Amino acid sequence: MRGKGVRNIFEPARQATFTLGTIETFAESAARNHWKGTSGVLRFSEVATNPALAEKTGFAEGTPLYYIQRLHYLNGRPLIFNHSYFRQDVAQGLTREIAEGSIYRYLENERHISIINSKRVVTVEKATPLDLQYLDMGDCNCLAVVSSQTYNSDGVMFEYTQSRHHPNFFRFQENAVRRSSAHGRP
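This is a predicted model, so every value here is computed, not measured. All residue numbers refer to positions counted from 1 along the written sequence of the respective chain. Confidence filtering applies because this is a predicted model: local features only for residues at pLDDT of at least 70, side-chain atom pairs given and counted only at 80 or more, and all residues used for totals across whole chains, interfaces and linings. With hydrogens and water excluded, all non-hydrogen atoms of the structure serve as input to the side-chain values.

Looking at the packing of aromatic side chains
Here's step 1: Centre distance within 6.5 Å is the pairing criterion for rings of Phe, Tyr and Trp, where only the six-membered ring of Trp is used; planes under 30 degrees apart are then read as stacked, over 60 as edge-to-face, and the remainder as tilted. By the definition in use, this model includes six aromatic pairs.
Here's step 2: Where Tyr-104 meets Phe-158, the ring centres are 6.4 Å apart and the plane angle is 55 degrees; that geometry is what we call tilted. A residue pair is termed long-range when its members are at least 10 positions apart, and Tyr-104 in helix H4 (residues 103-109) and Phe-158 in strand E7 (residues 157-165) qualify at 54 residues. Take Tyr-104 and Phe-158: they sit in the same class, and that class is buried.
Here's step 3: Members of the aromatic cluster, connected to one another through ring pairs, are Tyr-67, Tyr-85 and Tyr-160. Only DSSP runs of H or I covering at least 4 residues are called helices, and only runs of E covering at least 2 are called strands; the numbering of each starts at the N terminus. The buried label goes to any residue with under 20% of its type's maximum accessible area, the exposed label to any with over 50%, and the partly exposed label to all in between, with areas taken from a 1.4 Å probe on protein chains only.

Structural notes on the sheet that holds strand E3 (residues 64-74)
Within a sheet, adjacent strands bond to each other through the backbone by hydrogen bonds, running parallel or antiparallel.
Here's step 1: Strand order in the open sheet formed by six strands is E2-E3-E4-E7-E6-E5, and the pairing between neighbours is antiparallel. Whereas interior strands pair on both sides, the edge strands pair on one side only; in this sheet they are strand E2 (37-48) and strand E5 (115-126). Adjacent strand axes in the sheet meet at a mean angle of 15 degrees when their direction is disregarded.
Here's step 2: In this sheet, E7 lies alongside strand E4 (residues 77-87) in antiparallel orientation, the contact comprising seven bridges. Directly across from Ile-80, in E7, lies its bridge partner His-165. Between any two strands, at least two bridges found by DSSP are needed for them to pair. To get an axis, fit a line to the C-alpha atoms, keeping to the stretch in contact for a helix; angles then go from 0 to 180 degrees between the N-to-C directions.

Some remarks on the nonpolar core
Here's step 1: Core analysis: the biggest nonpolar cluster contains 15 residues, and Ile-68, Phe-86, Leu-94, Ile-103, Leu-107 and Phe-158 have the highest contact counts within it.
Here's step 2: Breaking this core down by element, the ones donating at least two residues are E3 and H4.
Here's step 3: Contact definition: two residues touch when any of their heavy atoms are within 4.5 Å. Ignoring anything within four residues of it in the chain, the contact list for Phe-158 reads Phe-59, Tyr-85, Phe-86, Arg-87, Val-90, Tyr-104, Leu-107, Ile-115, Thr-150, Tyr-151 and Asn-152. Throughout, nonpolar core names a set of buried Ala, Val, Leu, Ile, Met, Phe, Trp, Tyr and Cys residues whose side chains join them through atoms within 4.5 Å.

Details of the side chain of Ser-163
Here's step 1: Note that Ser-163 resides in strand E7.
Here's step 2: Pairing of N or O atoms within 3.5 Å defines a polar contact, subject to two protein rules: one partner must be a possible hydrogen donor and the other a possible acceptor, and residues neighboring in sequence count only if both atoms are side-chain atoms. At 2.7 Å, the side chain of Ser-163 forms a polar contact with the side chain of Asn-82.
Here's step 3: Beyond its immediate chain neighbours, meaning those up to four positions away, Ser-163 contacts Ile-80, Phe-81, Asn-82, Ala-144, Val-145 and Val-146.

What to know about the pairing of E4
Here's step 1: Burial of E4 is extensive: nine of the eleven residues sit out of reach of the surface.
Here's step 2: Once E3 ends, the chain turns through two residues before running back antiparallel as E4, passing Asn-75 with a positive phi of about 50 degrees.

Looking at the side chain of His-72
Here's step 1: Structurally, the position occupied by His-72 is in strand E3.
Here's step 2: A polar atom in the side chain of His-72 sits 2.6 Å from the side chain of Ser-39.

Printed below as a string of structure tokens:
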């Protein structure tokens, strides 16, 4: 504010910081945090949305999807376990090899898809047997879970991902701004 000077509110992070208000690939987030990020595909299959999957993801029943389980490593440690569903008609030609790299790079550069919006919900959940099998959980029994529904420029939801994060290595950060009320009073 004019006449108030400048105040720096930056605080360096000791953990990798992931943002909720922007859409970044895993590789982009790792690079921004100065960590070495790699990914491995555990499962790549084709499925059709059944009633339970439709309720969980928001895709219509019968929608042909790619289902991908990916393990993301930061500095060599398996710390993020993703369960992703992509509409086959939007992500046409997606392969296991592409998924080991960057799916978004493929969608944007090869398929010319504009990725516009992602609705996200963050929860803390008990670790599943799969989480314990693949993630370096140590003595932790819960993790941060970000569930995302992502849309293209046509307003079509083309992805649902549940990203399961080791709690000791991640923090989610967003900058919140208060809007004043219509009458200038709280």
